[in-house]
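Coordinates in review
What follows is each chain in one-letter form.
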Amino acid sequence: MSIATGAMQTRTPEFPLIAHGKTLAAERMGWLTPTDPAIGVDAIRRRYQDDGYVWLKGLLPRADIIDFRGWVFERLAMTGLVEPGSDFSQGIASAAGPDWSLANRRLMSLVRSAAYEGFCTQPLLIRFMDEFLQGISYLHKRKIMRFTQPGSPTATPAHYDLVYLRGGTSRLVTAWIPIGDIPSEMGGLVYLEGSHALGVKMEAEFQAASGDLSPEARISAYNSHMTEGGWVSKDLPDMAERFNTRWLAADYEAGDVVLHSPYMIHASTTNQDRGGRRLRLSTDIRYQNVDDEIDARWNNHWSLGDML
């Protein structure tokens, strides 16, 4: 395990974390608890059930993650996203900026590639998920890979994943994988402490109020009972105050994997890379037991604007 995890638990971010123009208050911030995969899958499963997440340190080979990061940015270089002549594995953003239409088309090609499929189905990860799920794991075909420029206001609002996967089992597990090092100031995922219980309550309230909706609307994140886009909120500081809890951040490293419950409320913050140059790159993919009901809407590749 790298990083001095003891020091990480007590320090504060060098940069105040920001999302949607609002700064997360230091007194409402905390740190994810890292887990050594060597403790065994039973202990890992208990932590996941208790906390709503488990941050697995160094589960995957670091060198493989860095290699894949370089592969992705090499293929996005043609769009103007990456600084010409730079080390692609560093993911240095071009000062000129990309052709966004071309970059988005290229990203949609990459998420359909054999290389990305292989990254998401690498044997070590699949064996672990089989053990974790206590059966044969199924990986949803709709898999998401995101890059975020430094200085961009882009941040994912607070939400829980089941909102987008109501057409199948609730026994889902999301794996969020940083593709490269993502210290807290670069805006990796933050989790609302204890919110897997809140998500269960919110979902029960939605189901109780959804009797007037059609079956199609009942599973949609865009129905009349949901906020815009299925988000819980874009105001992260208000959420921490309202529920009297904290947002938990982390300094993620290449090789880490975070598993979280479909009820766990999470978000991202803006990429404030201290050098102002590094692109954040990550993927979020969903697993379940193959014998459980599968949401058919997730049997297609991710496309921008697919309303999921």
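Quick summary incoming for the structure in this document. (Residues numbered from 1 in each chain as written. Predicted model: local features only at pLDDT ≥ 70, side-chain atom pairs only at ≥ 80, totals over all residues. Heavy atoms only, no water.)

1. Examining the packing of helix H3 (residues 62-76) against helix H4 (residues 100-110)
The test is simple: To obtain each axis, a line is fitted to C-alpha atoms, and for helices this fit is confined to the stretch in contact; angles are then taken between N-to-C directions over 0 to 180 degrees. In DSSP terms, a helix is any run of H or I states spanning at least four residues, a strand is any run of E spanning at least two, and both are numbered starting from the N terminus. These descriptions rest on fixed angle ranges, namely under 35 degrees for roughly parallel, over 145 for roughly antiparallel, 65 to 115 for roughly perpendicular, and the rest for oblique. The handedness criterion is simple: a crossing whose near helix is rotated anticlockwise from the far helix by less than a right angle is left-handed, and one whose near helix is rotated clockwise is right-handed. Contacts are residue-level and defined by heavy atoms, with any inter-residue pair within 4.5 Å sufficient. Here the nonpolar group is Ala, Val, Leu, Ile, Met, Phe, Trp, Tyr, Cys and Pro; Asp, Glu, Lys and Arg are the charged ones; every other residue, Gly included, is treated as polar.
The N-to-C vectors of H3 and H4 enclose an angle of 140 degrees; their axes lie 10 Å apart at closest approach. Taken together, the axes of H3 and H4 are oblique relative to one another. Considering only the axes of H3 and H4, their crossing is right-handed. Contact residues: Trp-71, Val-72, Arg-75 and Leu-76 in H3; Ala-103, Arg-106, Leu-107 and Leu-110 in H4. Among the residues making up the contact of H3 with H4, the classes are represented as six nonpolar, no polar and two charged.

2. Observations regarding the sheet that holds strand S12 (residues 266-268)
Note the threshold: We call two strands paired when DSSP finds no fewer than two bridges between them.
The four strands are arranged S3-S10-S9-S12 in an open sheet whose pairing can be described as mixed. Sheet topology places strand S3 (29-31) and S12 at the edges, where each strand pairs with a single neighbour. Strand-to-strand twist in this sheet, taken as the mean axis angle between neighbours without regard to direction, amounts to 35 degrees. Sheet topology note: the S3/strand S10 (residues 247-249) ladder contains three bridges and is parallel.

3. Quick notes on the packing of aromatic side chains
How we decide: Only the six-membered ring of Trp is used, alongside the rings of Phe and Tyr, when aromatic pairs are assigned; centres must lie within 6.5 Å, and planes under 30 degrees apart are stacked while those over 60 apart are edge-to-face, with the rest tilted. Working definition: with a 1.4 Å probe on protein chains only, accessible area under 20% of the residue-type maximum means buried, over 50% means exposed, and in between means partly exposed.
Applying the stated criterion across every chain, the model contains 11 aromatic pairs. Between Phe-68 and Tyr-116 the ring centres are 6.4 Å apart and the planes differ by 15 degrees, which places this aromatic pair in the stacked class. A residue pair is termed long-range when its members are at least 10 positions apart, and Phe-68 in helix H3 and Tyr-116 in helix H5 (residues 114-120) qualify at 48 residues. For Tyr-116, a relative accessible area of 0% puts it in the buried group. With centroids separated by 6.0 Å and ring planes inclined at 20 degrees, the aromatic side chains of Phe-128 and Phe-132 adopt a geometry described as stacked. Here Phe-132 and Phe-128 lie together in helix H6 (residues 123-133), a separation of four residues that amounts to about one turn. Note on Phe-132: relative accessible area 5%, which makes it buried. Of the aromatic side chains, those joined through ring pairs into one cluster are Phe-68, Trp-71, Tyr-116 and Phe-119.

4. Concerning empty space enclosed by the protein
The cut-off we apply is this: In the cavity and pocket records, a cavity denotes points on a 1 Å grid over the protein atoms alone where a 1.4 Å probe fits but cannot get out, a pocket denotes an open set with protein on both sides within 12 Å along at least 5 of 7 lines, and lining residues are residues with an atom within 4 Å of a point. Grid points are joined across faces, edges and corners, and a volume is the space filled by probe spheres set on the points.
Under the criterion given, the structure shown has one cavity of 30 Å³ or more. By volume, the largest cavity is sized at about 30 Å³. Residues that form the lining of the largest cavity fall into these classes: six nonpolar, four polar and no charged.

5. Regarding the nonpolar core
Put simply, the test is: Throughout this description, the term nonpolar core refers to a set of buried Ala, Val, Leu, Ile, Met, Phe, Trp, Tyr and Cys residues connected via side-chain atoms within 4.5 Å.
Counting 44 residues, the largest nonpolar core has Phe-128, Met-129, Phe-132, Met-145, Leu-259 and Ile-285 as the members making the most contacts within it. Counting residues in hydrophobic clusters, the runner-up holds 30 residues, among them Leu-17, Leu-24, Ala-240 and Leu-308.

6. Examining the layout of surface pockets
Which parts of space are left empty comes out when a probe the size of a water molecule is rolled across the atoms. In this structure, the largest pocket spans a volume of roughly 960 Å³. If you go around the largest pocket, you meet 41 residues; those closest to its centre are Ile-144, Arg-146, Thr-156, Trp-231 and Trp-302. Mapped by element, the contributors of at least two residues to the lining of the largest pocket are H4, strand S7 (144-148), strand S8 (173-178), S12 and strand S13 (280-289). Of the voids in this model, the second largest pocket is the one considered here, and its volume is about 400 Å³.

7. Thoughts on the side chain of Thr-245
Topologically, Thr-245 is positioned in the loop between helix H9 (236-242) and S10. Taking the relative accessible area as the measure of exposure, Thr-245 reaches 10% and is therefore buried. Here Thr-245 is in contact with Arg-28, Leu-192, Glu-193 and Ala-240, once residues within four sequence places are set aside.

8. Digging into the pairing of strand S11 (residues 257-260)
Alternating positions in S11 separate into two faces, Val-257 and Leu-259 on one and Val-258 and His-260 on the other, with burial throughout. Examined bridge by bridge, S8 and S11 share three bridges and lie antiparallel to one another. Paired with Thr-174 across the strands is His-260, a residue of S11.

Read these as spatial facts, not as claims about activity.
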